[in-house]
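Structural overview
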Amino acid sequence: FAYARFDLVHLQPALPFVAILFALFLSKFPDVLQKNFIVLYLICSSFLLFKYHQTLKSNQTRFFGETEYALVSKIDKYVEEGDPIFALGTTPHIYFLTKTRPSGNNFVFQFHWFMKEAETEILTGLVNDSPKVVIRDSSAQTAGVNLVSAMPQLNLFVEKNYRIVDKIGDIEILIPNESSN
């Protein structure tokens, strides 16, 4: 559960409790053993931090694969840095990877329970700040609910104003219809 998040955010609330339990655990040992544990802890922590910082410097990315990079390459043909795009039911990190922004400068993680509240505001952003590219994954699901079906207003806007120009796996790349320009 923790590895699924880039920054291990789900483990952070446990840190104070781990520190307290560790201190209580150490208090049960004689002073000499406590000092040895602390030294061992500092050595191990330093090693782990060094390894972590090495991976940060290496520009190695663990969470983006061939599909994401192929998608970025295709999108880059249609946009420039800072342009509005829209990801419908797919990879929200595409904004970062393409150096673009969400239309209307509105970003909401597209879980169907969030989109019930945010769909109208996102649609307003699409109308007022039309994306140069839309990427859509019609097969994406969260908790057994199809994301595109859960956002009918957004999908209708895309269907009326955009046409498919490319596809990578299940992800469609759409650009504005000629009449929409």
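My aim in this report is to walk through the structure given alongside it, one point at a time. What you see is a predicted model, and the numbers here were worked out from it, not measured in a lab.

Turning to the pattern of salt bridges, a few remarks are in order. A side chain of one charge can pair with a side chain of the opposite charge if their charged atoms are brought near each other. All told, the structure shown has six salt bridges when counted by the stated rule. Note that Arg136 is salt-bridged to Glu159, the shortest N-O span being 2.6 Å. Remark: Glu159 occurs in helix 6 (residues 152-161) and Arg136 occurs in strand 3 (residues 133-137); sequence separation between them is 23 residues. Residue Arg136 is classed as buried on the basis of its relative accessible area, which comes to 4%. Where Arg163 meets Glu178, a salt bridge forms, and the shortest distance between an N and an O atom there is 2.8 Å.

As a further point, take helix 6. For an α-helix the count is 3.6 residues per turn, leaving residues at separations of three or four pointing the same way. Residues Leu154, Asn155, Phe157 and Val158 constitute the buried set of helix 6. Projection of helix 6 onto a plane perpendicular to its axis shows the buried side chains occupying an angular sector of 155°, all on one side. Turned more than 90 degrees away from the buried face of helix 6, the exposed residues are Leu156 and Lys160. Those residues of helix 6 that are buried are in contact with strand 1 (84-88), helix 5 (112-128), strand 3, strand 6 (162-168) and strand 7 (171-176).

Moving on, we get to the environment of Lys77. If you trace the backbone, Lys77 turns up in the loop between helix 3 (66-75) and strand 1. Along the chain, Lys77 and Val133 lie 56 residues apart, while their C-alpha atoms are 10.0 Å from each other.

Here the focus is unusual backbone geometry. With a phi angle near 60°, Lys99 is a residue other than glycine that sits in the positive phi range. Take Lys99: it is sitting in the loop between helix 4 (94-98) and strand 2 (101-102). Backbone geometry places Ala143, a non-glycine residue, at a positive phi of 55°. On the secondary structure map, Ala143 appears in the loop between strand 4 (141-142) and strand 5 (145-146).

Taken across its five residues, strand 3 has five buried, putting it largely inside the fold. By the bridge criterion, four bridges tie strand 1 to strand 3 in an arrangement that is parallel. Its bridge partner being in strand 3, Leu88 is matched across the sheet by Arg136. Bridge count between strand 3 and strand 7: four bridges; the pairing is antiparallel. Bridging across to strand 7, Asp137 finds its partner in Ile171.

Quick look at the pairing of strand 7 now. In terms of burial, strand 7 is a largely internal element, six of the six residues being buried. Of the strand pairs in this sheet, strand 6 and strand 7 are connected by six bridges, and their pairing is antiparallel. Bridge pairing in strand 7 links Asp166 to Ile173. Here strand 6 hands over to strand 7 after two residues, with Gly169 in that stretch at a positive phi of 60°.

Our next topic: helix 5. Taking 1.5 Å of rise per residue, 17 residues should cover 24 Å, and helix 5 covers 23 Å from first to last C-alpha, within 8% of that figure. Within helix 5, the axis deviates most sharply at Ala118, by approximately 65°. Among the residues of helix 5, those classed as buried are His112, Met115, Ala118, Glu119, Ile122, Leu123, Gly125 and Leu126. In this structure, the buried side of helix 5 is in contact with strand 1, strand 4, strand 5 and helix 6.

How each quantity is defined
Residues numbered from 1 in each chain as written. Predicted model: local features only at pLDDT ≥ 70, side-chain atom pairs only at ≥ 80, totals over all residues. Heavy atoms only, no water. Salt bridge = Lys/Arg side-chain N within 4 Å of Asp/Glu carboxyl O. Helix = DSSP H or I, 4+ residues; strand = E, 2+ residues; numbered from the N terminus. Buried < 20%, exposed > 50% of the residue type's maximum accessible area, 1.4 Å probe, protein only. Arc of directions from axis to C-beta. Contact = heavy atoms within 4.5 Å. Pairing = 2+ DSSP bridges. Expected span 1.5 Å × (residues − 1). Bend = angle between axes of the 7 residues up to and from the residue.

These values are about where atoms sit, not about what they do.
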